[in-house]
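Residue-level listing of the chains:
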Amino acid sequence: MRQVLRTTMTLAAAVLAVATALPAAAQFAKPEDAIKYRKAVFTVMGTHFGRVAAMANGRAPFDAKVAADSAEIATAMSTLPYVAFLPGTDKGETRAKPEIWTDFDKVKLLAEKMQAEMVKLNAAAKTGNIDSIKAAVGETGKACKACHDDYRKE
Ligand code: ASC
């Protein structure tokens, strides 16, 4: 029995190693799937960031639990889209500008800035302090906008 368990664990580790080593391209069957995926992630991120921002801006009543839950979801989304900016996914139903693929180092820096601000927003939301949330929403929104300004079509 112990041998079976050991074999199973070894197999599971091998499968995991292969799965995580797969090139990003292999994670999507078609270019459209990568486009759909990143748009879905941005939609969920924007929706949940937007809920926190609405509270910070007084457009929605402050609910600490909703803010904390939404910040957590937005933070989880923030790292996901970038593997989906694969070569060949600049055409189709996307507002991504072609410069993303020629400036990818800059895009990565903007992404990392946004992710860092999102982590701070998540921490602020967990404290439930509306003033900290307001400040963090401002910085996170600026980081979102920085990328949109240069790399998203109208
Ligand atoms: C949002 C949202 C964005 C950002 C951006 C901030 O709520 O969906 O993309 O804020 O507009 O400037």
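Residues numbered from 1 in each chain as written. Predicted model: local features only at pLDDT ≥ 70, side-chain atom pairs only at ≥ 80, totals over all residues. Heavy atoms only, no water.

Colleague: Break down the packing of aromatic side chains for me, with residues and values.
Modeller: Counted by the stated rule, this structure contains five aromatic pairs. Pairwise contacts between aromatic rings join Phe 42, Tyr 82, Phe 85 and Trp 101 into one cluster. (Phe/Tyr/Trp six-rings, centres within 6.5 Å; stacked < 30°, edge-to-face > 60°.)

Colleague: I'd like a rundown of the pattern of salt bridges, residues and numbers included.
Modeller: Applying the stated rule across the entire model yields eight salt bridges. When the shortest N-O distance is used, the salt bridge between Lys 142 and Glu 139 registers 3.0 Å. With Lys 142 and Glu 139 both in helix H6 (residues 130–151) and three residues apart, this pair spans about one turn of that helix. Given a relative accessible area of 54%, Lys 142 falls into the exposed group. Since its relative accessible area comes to 34%, Glu 139 is described here as partly exposed. Linked through salt bridges whose partners overlap, the residues forming this network are Lys 113, Glu 117 and Lys 120. (Salt bridge = Lys/Arg side-chain N within 4 Å of Asp/Glu carboxyl O. Helix = DSSP H or I, 4+ residues; strand = E, 2+ residues; numbered from the N terminus. Buried < 20%, exposed > 50% of the residue type's maximum accessible area, 1.4 Å probe, protein only.)

Colleague: Describe the site of the ligand, listing the residues and the values that go with them.
Modeller: The full set of residues close to the ligand is Gly 46, Phe 49, Gly 50, Gly 141, Cys 144, Lys 145 and His 148. Gly 141 is positioned such that a nitrogen or oxygen atom in its backbone is 3.3 Å from an oxygen atom of the ligand. Here the shell around the ligand takes four residues from H6, the largest share from any one element. Along the lines of polarity and charge, the residues of the shell around the ligand split into two nonpolar, four polar and one charged. (Near = heavy atom within 4 Å. Polar contact = N/O pair within 3.5 Å; in protein donor to acceptor, adjacent residues only side chain to side chain. Nonpolar A, V, L, I, M, F, W, Y, C, P; charged D, E, K, R; others polar.)

Colleague: Provide a residue-level description of helix H2 (residues 31–56), including the pertinent values.
Modeller: Side chains three or four residues apart in an α-helix point the same way, a direct result of the helix having 3.6 residues per turn. With 26 residues, H2 extends 37 Å from end C-alpha to end C-alpha; this agrees with the ideal 38 Å at 1.5 Å per step. Burial in H2 covers these residues: Ala 34, Ile 35, Arg 38, Val 41, Met 45, His 48, Phe 49, Val 52, Ala 53, Ala 54, Met 55 and Ala 56. (Expected span 1.5 Å × (residues − 1).)

Colleague: Tell me about the environment of Val 83, and please be specific about residues and values.
Modeller: Looking at the element boundaries, Val 83 is found in the loop between helix H3 (64–78) and helix H4 (99–102). Note on Val 83: relative accessible area 40%, which makes it partly exposed. The spacing of Val 83 and Tyr 37 is 46 residues in sequence and 9.9 Å in space, taken between C-alpha atoms.

Colleague: An account of a nonpolar patch on the surface is requested, with residue identities and associated values reported.
Modeller: Together, Tyr 37, Leu 80 and Val 83 make up a nonpolar patch on the protein surface, roughly 210 Å² of accessible area in all. When you line up the elements, Tyr 37 lands in helix H2. (Patch = residues over 30% accessible without salt bridge, like charges linked within 9 Å, V, L, I, M, F, W, Y side chains within 5 Å. Areas by Shrake-Rupley, 256 points an atom, 1.4 Å probe, with all protein chains shown as cover.)

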